[in-house]
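# Observations on the model geometry
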Amino acid sequence: MNKIIHSLSEALSTLQKFIDKPVNIKLIDQAATIMADCLAGGGKIISCGNGGSMCDAAHFAEELTGRFRHNRKPYPAIAINDPAYLTCVGNDFSFDDVFSRFVEATGNKNDVLLAISTSGNSENVVRAAYEAKKLDMKVVSLTKEGKNRLNDISDVSIASPETPFSDRIQEIHIKVIHIMIQLIESKLGH
């Protein structure tokens, strides 16, 4: 029982640290505005991440192309998570190139990349962000506080408080994802 209470307390403490920084509210709104403007202008959102962050990237895209809380028209979003594609590029080039090549192939100036990395230094996610910038795309990242490469290249970087374990960072990321989706829908009139 004590382990459960400790775990809940740790999760709530991380969330409270995030909430206590007013800049985070502004950054979430800024990210959602960039994404809503992208969609209103005929662009799409491409999302990527590794492991649990890939699951979050897929969840984000599914909520936009499917539905979140209410029925509405689908929004163009895609997560880079096709196993055949990932293993093809990983084998023929390298795992570091799996996301950047997809962005290079499908990204356009009007698009947005949602780059998710709990460390902010995942090479394949960072390379995707650099490729997006080459294409004049906007980059929104979900990462952690502190010096990291993804914070440096993103137009908007929403950073979880730094914790010893990535699961606490991911818990902040999924909350931010859900809030961004709500804001995107609201900004697009749904």
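Residues numbered from 1 in each chain as written. Predicted model: local features only at pLDDT ≥ 70, side-chain atom pairs only at ≥ 80, totals over all residues. Heavy atoms only, no water.

On to the pattern of salt bridges, then. Scanning the entire structure with this criterion turns up 16 salt bridges. Linking Lys-109 and Asp-136 is a salt bridge whose minimum nitrogen-to-oxygen distance equals 3.7 Å. A residue pair is termed long-range when its members are at least 10 positions apart, and Lys-109 in the loop between helix H5 (98-106) and strand E3 (112-116) and Asp-136 in the loop between helix H6 (123-134) and strand E4 (138-144) qualify at 27 residues. Here Glu-162 ties to Lys-144 by a salt bridge, and the two come within 3.2 Å at their closest N and O atoms. Remark: Lys-144 occurs in strand E4 and Glu-162 occurs in the loop between strand E5 (156-160) and helix H8 (166-187); sequence separation between them is 18 residues. (Salt bridge = Lys/Arg side-chain N within 4 Å of Asp/Glu carboxyl O. Helix = DSSP H or I, 4+ residues; strand = E, 2+ residues; numbered from the N terminus.)

This part covers the sheet that holds E4. Pairing between the strands of a sheet comes from backbone hydrogen bonds, and it takes one of two forms, parallel or antiparallel. A sheet is described by the order of its strands in space; here five strands give the open sequence E2-E1-E3-E4-E5, paired in parallel fashion. The two strands at the open ends of the sheet, each matched to only one other strand, are strand E2 (77-79) and E5. For this sheet, the mean angle separating the axes of adjacent strands, direction not counted, is 15 degrees. Relative to E3, strand E1 (residues 45-48) runs parallel, the two sharing four bridges. Within E3, the residue paired with Ile-46 across the bridge is Leu-113. (Pairing = 2+ DSSP bridges. Axes fitted to C-alpha atoms, helices over the stretch in contact; angles between N-to-C directions.)

Before going further, it helps to spend a moment on the nonpolar core. Within the largest apolar cluster, 33 residues are counted, with the highest numbers of intra-cluster contacts made by Met-35, Ile-45, Phe-60, Leu-114, Ile-158 and Met-180. Listed by contribution, the elements that provide at least two residues to this core are helix H2 (22-40), helix H3 (52-65), E2, E3, E4, E5 and H8. Ranked by the residues each element gives to this core, the list is headed by H2, at eight residues. With residues near it in sequence (within four places) discarded, Phe-60 still touches Met-35, Ile-45, Ser-47, Leu-114, Ile-177, Met-180, Ile-181 and Ile-184. (Core = buried A, V, L, I, M, F, W, Y, C linked by side-chain atoms within 4.5 Å. Buried < 20%, exposed > 50% of the residue type's maximum accessible area, 1.4 Å probe, protein only. Contact = heavy atoms within 4.5 Å.)

The next thing to look at is the state of the cysteines. Applying the stated criterion to the full structure yields zero disulfides. Among the cysteines around Cys-38, which has no disulfide bond, Cys-48 carries the closest sulfur, lying 15 Å off. In this structure Cys-48 is a free cysteine whose sulfur lies 13 Å from that of Cys-55, the closest cysteine sulfur available. Residue class for Cys-48 comes out buried when judged on its relative accessible area of 0%. (Disulfide = S-S within 2.5 Å.)

By the alternation rule, side chains of E1 split into Ile-45 and Ser-47 and Ile-46 and Cys-48, which are all buried. Here E1 runs beside E2; their pairing, made up of three bridges, is parallel. Across the sheet, residue Ile-46 finds its bridge partner in E2, namely Ile-78.

The next subject is the environment of Leu-188. Looking at the element boundaries, Leu-188 is found in the segment after H8. A C-alpha to C-alpha distance of 13 Å links Leu-188 and His-70, two positions 118 residues apart in sequence. With near-sequence residues (within four places) excluded, Leu-188 lies in contact with Ala-36, Leu-39, Ala-40 and Tyr-75.

Among the five residues in E3, five count as buried, and that is most of the element. Residues Val-112, Leu-114 and Ile-116 point to one face of E3 and Leu-113 and Ala-115 to the other, with burial holding for every one of them. Pairing between E3 and E4: five bridges, direction parallel. Looking across to E4, one finds that Ile-116 is bridged to Leu-142. The β-α-β motif built from E3, the intervening H6 and the parallel element E4 has right-handed crossover chirality. (Right-handed = clockwise from strand over helix to strand, strands pointing away.)

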